[in-house]
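# Chain and residue survey
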Amino acid sequence: MSTPLAPRTLGPTGPTISAIGLGCWQFSLGKGMAGRFWPTLELSTIQDIVQASLEGGINWFDTAELYGRGESEKSLAHALVENRVQPGQVTIATKWWPMARGTGHLLSSINTRSNCLAPYDIDLYQIHQPYALASMRSQMDAMAQLVHEGKIKQVGVSNFNASQMRLAHKILAKHGIPLASNQVKYSLLDRKIERNGVLEVAKELNITIIAYSPLEQGLLTGRFHQDSTDSRPLTGPRKFQSKFRGAAIESTRNLIETLASIAEQYGKTVSQIALNWLVSRHGHTVVAIPGASKVYQARDNAGTLQFSLTESDLARIDAESRKVLSM
Ligand SMILES: NC(=O)c1ccc[n+]([C@@H]2O[C@H](COP(=O)([O-])OP(=O)(O)OC[C@H]3O[C@@H](n4cnc5c(N)ncnc54)[C@H](OP(=O)(O)O)[C@@H]3O)[C@@H](O)[C@H]2O)c1
């Protein structure tokens, strides 16, 4: 039970990363369309969230150009500097947004990404999603060029389906570069990747799955199940998401109660049990990047690294999650 989760290799060739990373969408400072999803955080809060993550054993961070048009990258770098983290001590993943852009932009904008993240290197550069103006071949050729020029270390993708993963992997292989990762939505309440071939291809080709929204944006923490639906004030985008209200909350209550009873046995939290299941269920293939807007959340999520669930508890959680998904 108290065996810590083993670190993982990102893709087939490294670096070594903790099974939980920190998602940094929440650091967008309210800028841009995507950035307005979360409330604006103070830089001092971001610094404290990063500190709590580092202290909890997290050694990598996921951000994107899209998150506040570079504000998330800049505030992450600032927080790491303030926490006296030397370049090379942590792994940094960021993403390029391909919509309505060609590969000329992929190549020319890398200096902006590097400047936003300075003094830290781009360890993993991901294509944020598959809907692109440029062909897959030209995007992967451009990514390979960035690797060969030393501007990025590894190549990843995000929201790619199984055949898109295979194609990206094949094109990169011609350049002698592995596809390191595919970042996709995956949680106890969203297990599509187990059925649509993405997880299977990842295991076959040794591609790391980076699970985003692993807590279903807070739903799998149990905090939205605590009050009655009527008295619970929903703020921000959750006001418009049906999963946080009424019948949907009731449909996930048994799962949350199962997580809570296991959490009690282990002396852990509901979130930690949900995250631990996610990164343990498929050996070393899946890592997760919960986001945090408060220091206690970062501490809680990092605490997932300190224990392992038994096979029978993994199976019990698995079965309860399937019941919800089959409803
Ligand atoms: N590649 C993509 O297309 C894509 C898409 C979405 C996300 N992502 C990445 O994945 C990361 C995580 O996804 P996400 O932010 O959508 O969802 P998430 O990690 O499932 O949920 C994050 C939110 O849940 C709440 N929370 C987190 N930990 C908690 C805890 N221990 N206790 C109580 N509440 C907690 C917080 O809500 P409050 O802030 O309201 O307190 C937090 O902002 C993002 O930061 C981003 O890096 C990638």
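So, here's what we can say about the structure.

## Overview of the site of the ligand
Taken together, 32 residues lie around the ligand, and Gln 26, Arg 238, Ser 293, Lys 294 and Asp 300 are the ones closest in. Separating an oxygen atom of the ligand from a backbone N or O atom of Glu 216 is a distance of 3.2 Å. Contact between the ligand and Arg 238: an oxygen atom at 2.8 Å from a side-chain N or O atom of the residue. Relative to its unbound accessible surface of 900 Å², the ligand loses 95% to contact with the protein. Spatially, the ligand is embedded in the largest pocket. Broken down by element, the residue count for the shell around the ligand peaks at four residues, all from helix α12 (residues 295-302). Each residue belonging to the shell around the ligand can be placed in one class, and the counts come to ten nonpolar, 15 polar and seven charged.

## Focus: the packing of aromatic side chains
In the structure shown here, the tally under the stated rule is seven aromatic pairs. Note on Trp 25 and Trp 38: the rings are 5.5 Å apart at their centroids and 85° apart in plane angle, and the pair reads as edge-to-face. With Trp 25 in the loop between β3 (22-23) and α1 (32-35) and Trp 38 in the loop between α1 and α2 (43-55), the pair connects residues that are 13 residues apart, well separated along the chain. Of the residues examined, Trp 25 reaches a relative accessible area of 21% and is grouped as partly exposed. The buried category is assigned to Trp 38, whose relative accessible area is 13%.

## What about α12?
Inspection of α12 places Gln 297, Ala 298, Asp 300, Asn 301 and Ala 302 among the buried residues, and these make up the whole buried set. Looking at the packing, one finds that the buried side of α12 touches α2 and α11 (270-280).

## Quick word on the environment of Arg 36
Within the secondary structure, Arg 36 sits in the loop between α1 and α2. Put simply, Arg 36 and Gly 236 are 200 residues apart on the chain and 9.2 Å apart in space, counted from C-alpha to C-alpha. When sequence neighbours within four positions are dropped, the list of residues in contact with Arg 36 reads Gly 30 and Lys 31.

## Thoughts on the pattern of salt bridges
Within the structure shown, the criterion is met by 20 salt bridges. The closest approach of N and O atoms between Lys 74 and Glu 71, which form a salt bridge, is 3.8 Å. Here Lys 74 pairs with Glu 71, and both are found in helix α3 (residues 71-82), just three residues apart, close to one helical turn. Of the residues examined, Glu 71 reaches a relative accessible area of 18% and is grouped as buried.

## Quick look at the pairing of strand β9 (residues 208-212)
Burial runs high along β9: four of the five residues are buried. One ladder, built from five bridges, connects strand β8 (residues 179-185) with β9; its direction is parallel. Bridging across to β9, Asn 182 finds its partner in Ile 209. Taken together, β8, helix α8 (residues 198-205) and β9 form a β-α-β motif whose crossover is right-handed. As paired strands, β9 and strand β10 (residues 286-288) are joined by three bridges and run parallel to one another. Each residue of the ladder has a partner; that of Ile 209, found in β10, is Val 286.

Thresholds applied
- Residues numbered from 1 in each chain as written.
- Predicted model: local features only at pLDDT ≥ 70, side-chain atom pairs only at ≥ 80, totals over all residues.
- Heavy atoms only, no water.
- Near = heavy atom within 4 Å.
- Polar contact = N/O pair within 3.5 Å; in protein donor to acceptor, adjacent residues only side chain to side chain.
- Areas by Shrake-Rupley, 256 points an atom, 1.4 Å probe, with all protein chains shown as cover.
- 1 Å grid on protein atoms, 1.4 Å probe; cavity = no way out; pocket = protein on both sides within 12 Å on 5 of 7 lines; lining within 4 Å.
- Sits in = over half its atoms within 2 Å of the grid points.
- Helix = DSSP H or I, 4+ residues; strand = E, 2+ residues; numbered from the N terminus.
- Nonpolar A, V, L, I, M, F, W, Y, C, P; charged D, E, K, R; others polar.
- Phe/Tyr/Trp six-rings, centres within 6.5 Å; stacked < 30°, edge-to-face > 60°.
- Buried < 20%, exposed > 50% of the residue type's maximum accessible area, 1.4 Å probe, protein only.
- Contact = heavy atoms within 4.5 Å.
- Salt bridge = Lys/Arg side-chain N within 4 Å of Asp/Glu carboxyl O.
- Pairing = 2+ DSSP bridges.
- Right-handed = clockwise from strand over helix to strand, strands pointing away.

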